[in-house]
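Observations on the three-dimensional arrangement
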Amino acid sequence: MLCVVVVAALGVGSYLFLTADGRGGNEQAGGDGSTVTTSVSKPKPVDPKVGSPKLALAPLPNAKTAPTPQGVAKALAPVLADPNLANYSGEVIDPASGTVLWKKDAATAQIPASTAKLLTGVALLASVKDPNARLTTKVVKGDQAGDIIFVGGGDVTLSARSAGVDTVYDGAPTVSDLAAQVQASGVPVKRIVLDTSYWTGPDLATGWKTEDIKGTAQVRQGYITKMSALMVDGDRQDPSIENSPRTGDPAMTAGKALARALGNADLPIIDGTAPPKGQVIAQVHSQPLSILLSQALLNSDNILAESLAREVAGAQGAPRSFEGASAATLLALQDLKIDTINVQLFDGSGMSENDRVTPDVLAQVLAQATSGKKPALRYLLAGLPVAGVSGTLSADQEHRFDDARSKAGAGWVRAKTGSLNSTYVLAGYTPDTDGRLLVFSLISNASIPGDDTGTRPTQDAFATVLRMCGCR
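We now turn to the structure provided with this report. These numbers come from a predicted model, not from an experiment.

We now examine the overall build of the protein chain. Broken down by element type, the protein chain carries 12 helices and 13 strands. Split into buried and exposed, the 472 residues of the protein chain put 58% on the buried side. On the protein chain, roughly 17,800 Å² of surface is accessible, and the fraction owed to carbon and sulfur atoms is 50%.

Now the structure itself:
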């Protein structure tokens, strides 16, 4: 379900920021003001009615309120002098006019970490015909008596938990619903066949680490799994925890969940494919793609982002694989007139250490989404965490925007975070004091992997300077 966070803007009216409700989550690291009011309700596990989001977009150009490069550079100078930013690069854009207000090494490709999800998101919205389309998981009657085929449709949110029991994915369909439909069909079940053919190619991306599936003996956390079009709960061992260790065998885990739901945990399970014209005896549908994207961005969900990247591939006529998704994403960006010459993608989540994206591309993606020129791209903004409030920018769980330098940005800044090894990224947008939206991207390469004690707070301070900036 989507909730509205209302931010009262001093002297310039108000903004409605549409945000996806969800829990905070940790990203991998080599993861009060009185003007802020939030309204958060517990989402119901049903398919929500989805319309075009009402978002704060860049106002029309106005020379009287337009920030200048000189003004922005002067305002940013103190925070840019902070050594905690380490080796940094970035860009600030006024999306209303397209003016680049500040940049440093903006054309230099860097590890994007989880901000690569912004590229996946905008490519999805630019490629699919209907952002409210849903992914379907089916059970098909087999040709051999007693066989049912469990057909994955790329919905990694399908849950093995009972309806109404909390999972990471609010409103997810359930295996128990599928099982009930199978039983109601009267088709006898002697064996479950797993069909994962909706996706192709390797199940791990170039640049992924296998230890990120289950974590280490010291840190039991999972950020990825072997990608399979048939999966339950993002393959988490504990579906209620965002970074739970994964099973590492998603299709078989899903098959066992269906067997249990059918009341016979000992049913044989094999791999196979559904007959071309097999009778569908059960099916469930995911949340709309737009809401899945919001969930992926809010908590930086790698597996969900990868599933959406494969939908980009399908929409572009490419194989639903890592390679196909990466190529399709670049093509979609090029169609949006975004220069991708220095961009290299090996996945859709940013977990690959081989990914490279420039600060300029990150800023241009956000500028397109906030400009309002392509309404479908607005859905990208709906899932961006709100500074100090939600997701990976929450103050209580992630300690973001909670110090003297950044509290003024809480509730105003919306951004995607990223961290991988010694790279820390923040890319988003904020209204300035004149109510004009500014888009930014900032990448820091620290000297010590995992040492973000100074880098992230300083990045928050960078974004807060833009929030408090008139900058003329």
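What follows continues from the structure just given.
Here we take up the sheet that holds strand β13 (residues 437-445). The strand order β5-β4-β13-β12-β11 describes an open sheet built from 5 strands, whose pairing is antiparallel. Among the strands making up the open sheet, the edge pair consists of β5 (99-104) and β11 (414-420). Going across the sheet, the axis of each strand differs from the next one's by a mean of 5°, ignoring polarity.

Within strand β8 (residues 191-195), 4 of the 5 residues are buried, which leaves it mostly tucked inside the rest of the structure. Where strand β7 (residues 147-151) and β8 come together, 5 bridges link them in parallel fashion. Pairing of V151 across the sheet is with D195, part of β8. On the question of chirality, the crossover connecting β7 to the parallel β8 by way of helix α3 (residues 175-185) is right-handed. Two elements, β8 and strand β9 (residues 269-271), share 3 bridges in a ladder whose sense is parallel. From the neighbouring strand, L194 faces β9, where its bridge partner is D271.

In the contact formed by helix α1 (residues 69-80) and helix α12 (residues 455-467), the axes pass within 10 Å of each other and the chain directions differ by 160°. By the criterion of interaxial angle, the relationship of α1 to α12 is roughly antiparallel. Regarding α1 and α12, the two cross each other, and that crossing is right-handed. In this structure, α1 contributes V72, A75, L76, V79 and L80 to the contact, and α12 contributes T458, A461, F462, V465 and L466. Of the residues that constitute the contact of α1 with α12, the class distribution is 9 nonpolar, 1 polar and no charged.

For the coordinates displayed, the defined rule picks out 4 aromatic pairs. Pairing Y88 with W102 gives two aromatic rings, centres 6.4 Å apart and planes at 25°, and the pair type is stacked. Taken as a pair, Y88 in strand β4 (residues 87-94) and W102 in strand β5 lie far apart in primary sequence, 14 residues in all. Judged by relative accessible area, which is 14%, Y88 ranks as buried. Overall, W102 belongs to the buried group, its relative accessible area being 10%. The rings of Y88, W102, F440 and F462 are connected pair by pair, giving a single aromatic cluster.

With 14 residues, helix α7 (residues 302-315) extends 20 Å from end C-alpha to end C-alpha; this agrees with the ideal 20 Å at 1.5 Å per step. Counting buried positions along α7 yields 12 of 14 residues, so the element is predominantly enclosed. N302, I303, L304, A305, E306, S307, L308, A309, R310, E311, V312 and A313 are the residues of α7 that are buried. Residues of α7 that are buried make contact with α2 (116-127), α6 (289-298) and α8 (322-335). With a side-chain oxygen positioned 3.3 Å from the backbone nitrogen of I303, the residue opening α7 is D301. G317 occupies a position one or two residues after α7 and carries a positive phi of about 80°.

Side chains that differ in charge, positive against negative, can pair when their charged atoms come close. All told, the structure shown has 12 salt bridges when counted by the stated rule. Across the pair R191 and D147 runs a salt bridge whose closest N-O atoms are separated by 2.8 Å. With R191 in strand β8 and D147 in strand β7, this residue pair connects regions lying 44 residues apart in the sequence. We classify D147 as buried; its relative accessible area is 9%. Look at the salt bridges and you will find they share partners, linking R236, E242 and D301 into a network.

Here the focus is the nonpolar core. Among the nonpolar cores identified, the biggest contains 64 residues, and L118, L119, L362, V365 and L380 are the most heavily contacted of them. Sorting the residues of this core by element identifies α2, α6, α7, α8, α9 (359-371), α10 (379-382), β12 (423-431) and β13 as the ones contributing at least two each. Other than its neighbours up to four places away in sequence, V365 contacts L118, L119, V122, L333, I338 and L380. In terms of nonpolar packing, the next biggest core, distinct from the first, is built from 25 residues, L76, A387, V413 and F440 among them.

Side-chain positions along a regular strand alternate between the two faces of the sheet. With 7 of 8 residues buried, β4 is to be regarded as a mostly interior element. Here β4 pairs with β13 via 7 bridges, running antiparallel. Looking at β13, one finds that S89 is bridged to I443. Two elements, β4 and β5, share 5 bridges in a ladder whose sense is antiparallel.

Turning our attention to the sheet that holds strand β6 (residues 136-141). An order of β9-β8-β7-β6-β10 is seen for the 5 strands of this open sheet, with the pairing classed as mixed. In this open sheet, the two strands that pair with only one neighbour each are β9 and β10 (280-285). Taken over all neighbouring pairs, the strand axes of this sheet differ in orientation by 20° on average, direction set aside. As paired elements, β6 and β7 share 4 bridges and run antiparallel to each other. By the bridge assignment, V139 is partnered in β7 with F150.

Definitions and cut-offs
- Residues numbered from 1 in each chain as written.
- Predicted model: local features only at pLDDT ≥ 70, side-chain atom pairs only at ≥ 80, totals over all residues.
- Heavy atoms only, no water.
- Helix = DSSP H or I, 4+ residues; strand = E, 2+ residues; numbered from the N terminus.
- Buried < 20%, exposed > 50% of the residue type's maximum accessible area, 1.4 Å probe, protein only.
- Areas by Shrake-Rupley, 256 points an atom, 1.4 Å probe, with all protein chains shown as cover.
- Pairing = 2+ DSSP bridges.
- Axes fitted to C-alpha atoms, helices over the stretch in contact; angles between N-to-C directions.
- Right-handed = clockwise from strand over helix to strand, strands pointing away.
- Parallel < 35°, antiparallel > 145°, perpendicular 65-115°, else oblique.
- Left-handed = near helix turned anticlockwise from the far one by under 90°.
- Contact = heavy atoms within 4.5 Å.
- Nonpolar A, V, L, I, M, F, W, Y, C, P; charged D, E, K, R; others polar.
- Phe/Tyr/Trp six-rings, centres within 6.5 Å; stacked < 30°, edge-to-face > 60°.
- Expected span 1.5 Å × (residues − 1).
- Polar contact = N/O pair within 3.5 Å; in protein donor to acceptor, adjacent residues only side chain to side chain.
- Salt bridge = Lys/Arg side-chain N within 4 Å of Asp/Glu carboxyl O.
- Core = buried A, V, L, I, M, F, W, Y, C linked by side-chain atoms within 4.5 Å.

Nothing here speaks to function; it is geometry throughout.
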